[in-house]
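Below, each chain spelled out in residue letters.
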Number of protein chains: 2
Amino acid sequence: MVETNPNEIVVVKSENSKINTVDFDNLTFGRVFTDHMFVCDFEDGKWQTPKIMPYQPMTIEPSARVFHYGQAVFEGMKAYKDEDGKIFLFRPEQNFHRINKSASRLAIPEFPENYFFNGLETLLKMESDWIKPGLGNSLYIRPFVIATEPAISASPAATYRFMIICSPAKAYYNKPVRVLFAEKFSRSADGGVGFAKAAGNYAAQFYPTGLAQKKGFDQIIWTDASTHKYLEEAGTMNIFFRIGDKLITAPTSDRILDGVTRKSVIQLAEDLGIDCEVRPVSVKEIKEAAADGSLKEIFGAGTAAVISPVSAFEHADDVFEIPQLEASYASLFKKTLTSIQHNLSDDKHGWRHEVK
Amino acid sequence: MVETNPNEIVVVKSENSKINTVDFDNLTFGRVFTDHMFVCDFEDGKWQTPKIMPYQPMTIEPSARVFHYGQAVFEGMKAYKDEDGKIFLFRPEQNFHRINKSASRLAIPEFPENYFFNGLETLLKMESDWIKPGLGNSLYIRPFVIATEPAISASPAATYRFMIICSPAKAYYNKPVRVLFAEKFSRSADGGVGFAKAAGNYAAQFYPTGLAQKKGFDQIIWTDASTHKYLEEAGTMNIFFRIGDKLITAPTSDRILDGVTRKSVIQLAEDLGIDCEVRPVSVKEIKEAAADGSLKEIFGAGTAAVISPVSAFEHADDVFEIPQLEASYASLFKKTLTSIQHNLSDDKHGWRHEVK
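Model, not experiment: these values are computed from the prediction.

S.K.: Help me out: how do you make sense of the overall build of chain A in this one?
M.R.: In terms of helices and strands, chain A carries 7 helices and 22 strands. Against the compact-globule benchmark of 21 Å for 356 residues, chain A has a radius of gyration of 21 Å, which places it among compact chains. Long-range contacts, defined here as pairs at least 24 residues apart, represent 71% of the contacts in chain A between residues at least 6 apart. When the 40 positive and 46 negative side-chain charges of chain A are each reduced to one mean point, those points stand 2 Å apart.

Put into structure tokens, the structure is as follows:
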């Protein structure tokens, strides 16, 4: 069944939903996808008519530049449902602006705002049954762009594909994580692409993270590549430190992702009267605070991870356990954030975006 | 027609060759591919039976990790034909070892040596008509590996595809190039993946290179990300500087690709009695040598580029033109290298590898 809707999106509906085959109580992150996907190709110098079609494998040339030169960027977003069945996005304009910022840095053409929002909202309304109400439930949304031109010269492609796929999700990390502070490996360079959600930034972290996992840690907190003295981000999350009653987090830069959850936590801290300093955070300071007992918490903040407490860190063979507090900032921010996201509390900053 | 050959490669031959549709005198790099490709999938913890099949688009899930996390590495090699119709590779063991070094850094399983060489040689024999004799002609060979697992959690994939595709080629740059020395943007960080032929390293260069092109330059010579004081490589080529009669090139590191052409030039310099220093090369030194006239040449060295002379560079708004010498080191190395590659001269180091 093919129809053209008022947004000029060509919609081809799936004949059968696979929703009844999915166990929503036992979801592994990012493995199950909904019935439909959004697809828009860039050809002849412009984005062509967008389509929503059944989620399915696609056909692509082995010479497509994305396979050879990593010309690919993405976003991570979530949709939430309240008890009345209303669907909400959380600050989606932030993701829209960021995917185009990432795209520009990777020499990928920007995607039009009306295509992005019309496509996303049309898709979410079609997939409404996949968005379950209740705190902790969400539909993870993955917009991404890949270079499809079949040519292996090392230069920007002439053709691209923008897609949105969706996967029902619980929280990414379901228990406190143990982290290593990076001493040798690096995530990004000054003047590089660390601030972008560029595909290649992630694969570069897998090997060092694997080494950390062999030592019993879940994640790495990356440090600056030049000196390894300053703590930056965790690759899938920005990082906050609580010393005494004060929060500290690193400033964004061309090495650090400008996280939507990060900036929301900074605002919520202000709302809640919690002092939050945005400044370079040294490894030395955190180790000293851990040693003298003033380090109360470390937690990560990200769309997939939400708020993820850290229970231990290692640096230079020193391991510090961080006792988990009953009334932690992490749990306070998580509750405050998810309440806003699920339409359970006031939204004084206008962060909720209802999908009607 | 499906057959199993003694190397245990399943071979499916193309019904019709497209070779007669190709204008070998007017080739654009990396746009035309030969009739067949080599494909081997990693599944269930091991590399499966390799296949050679007609070159064709492939089917892949939108959630394949390569699209989201850039888990992809590649190599660049060339096959040459002499006037007797014999086919030669140039130091292919270097490419084999390097693709596995790149793979390990990107948490991709290593590819077996016998699969690599049997696959490559079987493919080249099938594509012999595509390899034209004559200096300047070659068949560019692109082995690559991509993460195919359909799951968007940020962790290494469980399934991969190793492929080899081939494209008839002339030299990559057909005239001297004008370059910018990087002052703000960076290619790679200490502790990063700059030494690997990781897909993401290339896309990260496109935007800064585009800015350079708008200023009338072809390429960027990258500098160290921490200080931008030392010259590293050009992204598609390693770089040599000639001051007086001496050659200088930067040492390899975790930021700089260990180029096969680079190490061959260093050896050939020794053979030819040319002093070659492998040491950090500062921007200051090169600008001073350009100013006092002792900078005689800059050239790039790479498989696609072969030896590519630089005719001008810019740094901090200072532009230096480099007069092109009649009897340059660049032309000497190019002639020496291509003579070995095309079986026109002695091969005292055993670099030629005949495909029989």
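S.K.: Teacher, can you tell me more about the interface of chain A and chain B here?
M.R.: Interface size is commonly expressed as the accessible surface area that is lost when the partners come together. Facing 62 residues of chain A, the contacting portion of chain B comprises 62 residues. Counting each side, the surface lost to burial between chain A and chain B is near 4,900 Å², with a carbon and sulfur contribution of 64%. Connecting chain A to chain B are 2 salt bridges. In this structure, the salt-bridge partner of Arg31(A) is Glu149(B), at a minimum N-O distance of 3.1 Å. Those elements giving two or more residues to the side of chain A that touches chain B turn out to be strand 6 (58–60), helix 1 (65–69), strand 7 (72–74), helix 2 (92–105), strand 10 (138–147), strand 11 (160–169) and helix 4 (199–214) of chain A. It is helix 4 of chain A that contributes the most residues to the side of chain A that touches chain B, 8 residues altogether. Of the residues contributing to the side of chain A that touches chain B, the split by class is 37 nonpolar, 17 polar and 8 charged. Bridge count for strand 6 of chain A against strand 6 (residues 58–60) of chain B is 3 bridges, and the pairing is antiparallel.

S.K.: Looking at this structure, I do not really get the side chain of Glu75(A). What am I missing?
M.R.: Residues and elements named next belong to chain A. Summarising the element assignment, Glu75 is placed in the loop between strand 7 and strand 8 (77–81). The exposure class of Glu75 is buried, given its relative accessible area of 0%. At 2.8 Å, the side chain of Glu75 and the side chain of Asn95 are in polar contact. Within the local environment of Glu75, its side chain forms a polar contact with the side chain of Arg98, the two groups lying 2.7 Å apart. With residues up to four places along the chain from it excluded, the contact list for Glu75 reads Asn95, Arg98, Ile99, Tyr140, Ile141, Arg142, Pro143 and Lys197.

S.K.: Hey, could you run me through the nonpolar core in this one?
M.R.: A general feature of soluble globular proteins is that nonpolar side chains tend to end up buried together. In this structure, Phe67(A), Phe162(A), Phe67(B) and Phe162(B) are the most contacted members of the largest nonpolar core, which totals 141 residues. Discounting residues that sit within four places of it in the chain, Phe162(A) has contacts with Phe38(A), Val39(A), Cys40(A), Trp47(A), Ile99(A), Phe111(A), Phe116(A), Pro143(A), Phe144(A) and Val145(A).

S.K.: Would you take a moment to explain the pairing of strand 16 (residues 246–249) of chain B for this structure?
M.R.: Each regular strand carries side chains that alternate between the two faces of the sheet. Residue and element names in this part refer to chain B. Note that strand 15 (residues 238–243) and strand 16 share 4 bridges and pair antiparallel. Each bridged residue has a counterpart across the sheet, and for Ile243 the counterpart in strand 16 is Lys246. Connecting strand 15 to the next strand, strand 16, in antiparallel fashion are 2 residues, including Gly244 with a positive phi near 60°. Of the pairings in the sheet, the one linking strand 16 to strand 17 (residues 276–278) comprises 3 bridges and is parallel in character.

S.K.: For this particular structure, what's the right way to read the pairing of strand 15 of chain B?
M.R.: All names here are of chain B. Extensive coverage of strand 15 is indicated by the burial of 6 of its 6 residues. On strand 15, burial covers both faces: Asn238, Phe240 and Arg242 on one face and Ile239, Phe241 and Ile243 on the other are all buried. Strand direction decides the pairing type here: strand 15 and strand 19 (residues 295–302), joined by 6 bridges, are antiparallel. Residue Arg242 lies in a different strand from strand 19, and its bridge partner there is Glu297.

S.K.: Help me understand the environment of Val12(A), please; the structure alone is not making it clear to me.
M.R.: Residues and elements named next belong to chain A. In this structure, Val12 sits in strand 2 (residues 10–12). Classification of Val12 by relative accessible area gives partly exposed; the value is 25%. Spatially, the C-alpha atom of Val12 lies 6.0 Å from that of Ile52, the residues being 40 residues apart in sequence.

S.K.: How should the relation of the copies chain A and chain B be read in this particular structure?
M.R.: Here the second copy of the chain follows from the first by a rotation about an axis and a shift along it. Mapping chain A onto chain B leaves a residual RMSD of 0.0 Å; the transformation is a rotation of 180° accompanied by 0.0 Å of translation along its axis. Both copies are brought into coincidence by an operation consistent with a two-fold rotation axis. Interface overlap between copies is the fraction of interface residues in one copy that are interface residues in the other; for chain A against chain B it reaches 100%, indicating a shared surface.

S.K.: Any chance you could explain unusual backbone geometry here in plain terms?
M.R.: Leaving glycine aside, a negative phi is the common case for residues, and trans is the common case for peptide bonds. Look at His228(A): it is not a glycine, yet its phi comes out positive at around 55°. Its place among the elements puts His228(A) in the loop between strand 13 (219–221) and strand 14 (230–231). The phi torsion at Arg91(B) lies on the positive side, around 50°, for a residue other than glycine. Tracing the sequence through the fold places Arg91(B) in the loop between strand 9 (87–90) and helix 2 (92–105).

S.K.: So what exactly am I meant to see when it comes to the pattern of salt bridges here?
M.R.: When their charged atoms lie close together, side chains carrying opposite charge are able to pair. All names here are of chain A. Tallied over the entire structure, the rule returns 36 salt bridges over all chains. Between Lys287 and Asp318 there is a salt bridge, with the nearest N and O atoms lying 2.8 Å from each other. Note that Lys287 is positioned in helix 6 (residues 283–292) and Asp318 in strand 21 (residues 318–321), a separation of 31 residues in sequence. When its relative accessible area of 16% is taken as the criterion, Lys287 is described as buried. Taking the relative accessible area as the measure of exposure, Asp318 reaches 34% and is therefore partly exposed.

S.K.: Would you mind showing me how to read the side chain of Lys81(B) here?
M.R.: All names here are of chain B. By secondary structure assignment, the location of Lys81 is in strand 8 (residues 77–81). Buried and unpaired, Lys81 has Asp129 as its nearest opposite-charge partner, separated by 5.2 Å. Of the polar contacts made by the side chain of Lys81, one reaches the backbone oxygen of Ile131; its length is 3.1 Å. Here Lys81 is in contact with Lys86, Ile87, Ser128, Asp129, Ile131, Lys132, Pro133, Gly134 and His342, once residues within four sequence places are set aside.

S.K.: Sorry if this is basic, but what is going on with the packing of helix 5 (residues 260–272) of chain A against helix 7 (residues 329–341) of chain A here?
M.R.: When two helices pack together, their arrangement is given by the angle between their axes and by how far apart the axes lie. Residues and elements named next belong to chain A. With their axes 11 Å apart at the nearest point, helix 5 and helix 7 run at an angle of 105° to one another. Taken together, helix 5 and helix 7 sit at an angle that is classed as roughly perpendicular. For the pair helix 5 and helix 7, contact is made by Thr261, Ser264, Val265, Leu268, Ala269 and Leu272 and by Leu332, Phe333, Thr336, Leu337 and Ile340, respectively. A per-class count over the contact of helix 5 with helix 7 returns 8 nonpolar, 3 polar and no charged.

S.K.: I'm lost on the packing of helix 2 of chain A against helix 3 (residues 113–126) of chain A in this one. Help?
M.R.: Residue and element names in this part refer to chain A. Relative orientation of the contacting elements helix 2 and helix 3 amounts to 130°, with a least axis distance of 11 Å. In terms of axis orientation, helix 2 runs oblique to helix 3. For the pair helix 2 and helix 3, the sense of crossing is right-handed. Contact residues: helix 2 offers Pro92, Glu93, Phe96 and Ile99, while helix 3 offers Glu113, Phe116 and Phe117. Looking at side-chain class alone, the contact of helix 2 with helix 3 contains 5 nonpolar, no polar and 2 charged residues.

About the cut-offs
Residues numbered from 1 in each chain as written. Chains lettered and ligands numbered in written order. Predicted model: local features only at pLDDT ≥ 70, side-chain atom pairs only at ≥ 80, totals over all residues. Heavy atoms only, no water. Helix = DSSP H or I, 4+ residues; strand = E, 2+ residues; numbered from the N terminus. Rg over C-alpha atoms; globule rule 2.2 N^0.38 Å. Contact = heavy atoms within 4.5 Å. Lys, Arg positive; Asp, Glu negative; His and termini not counted. Charge placed at Lys NZ, Arg CZ, Asp CG, Glu CD. Buried area = accessible area lost by both parts, 1.4 Å probe. Salt bridge = Lys/Arg side-chain N within 4 Å of Asp/Glu carboxyl O. Nonpolar A, V, L, I, M, F, W, Y, C, P; charged D, E, K, R; others polar. Pairing = 2+ DSSP bridges. Buried < 20%, exposed > 50% of the residue type's maximum accessible area, 1.4 Å probe, protein only. Polar contact = N/O pair within 3.5 Å; in protein donor to acceptor, adjacent residues only side chain to side chain. Core = buried A, V, L, I, M, F, W, Y, C linked by side-chain atoms within 4.5 Å. Least-squares fit on C-alpha atoms with pLDDT ≥ 70 in both. Axes fitted to C-alpha atoms, helices over the stretch in contact; angles between N-to-C directions. Parallel < 35°, antiparallel > 145°, perpendicular 65-115°, else oblique. Left-handed = near helix turned anticlockwise from the far one by under 90°.

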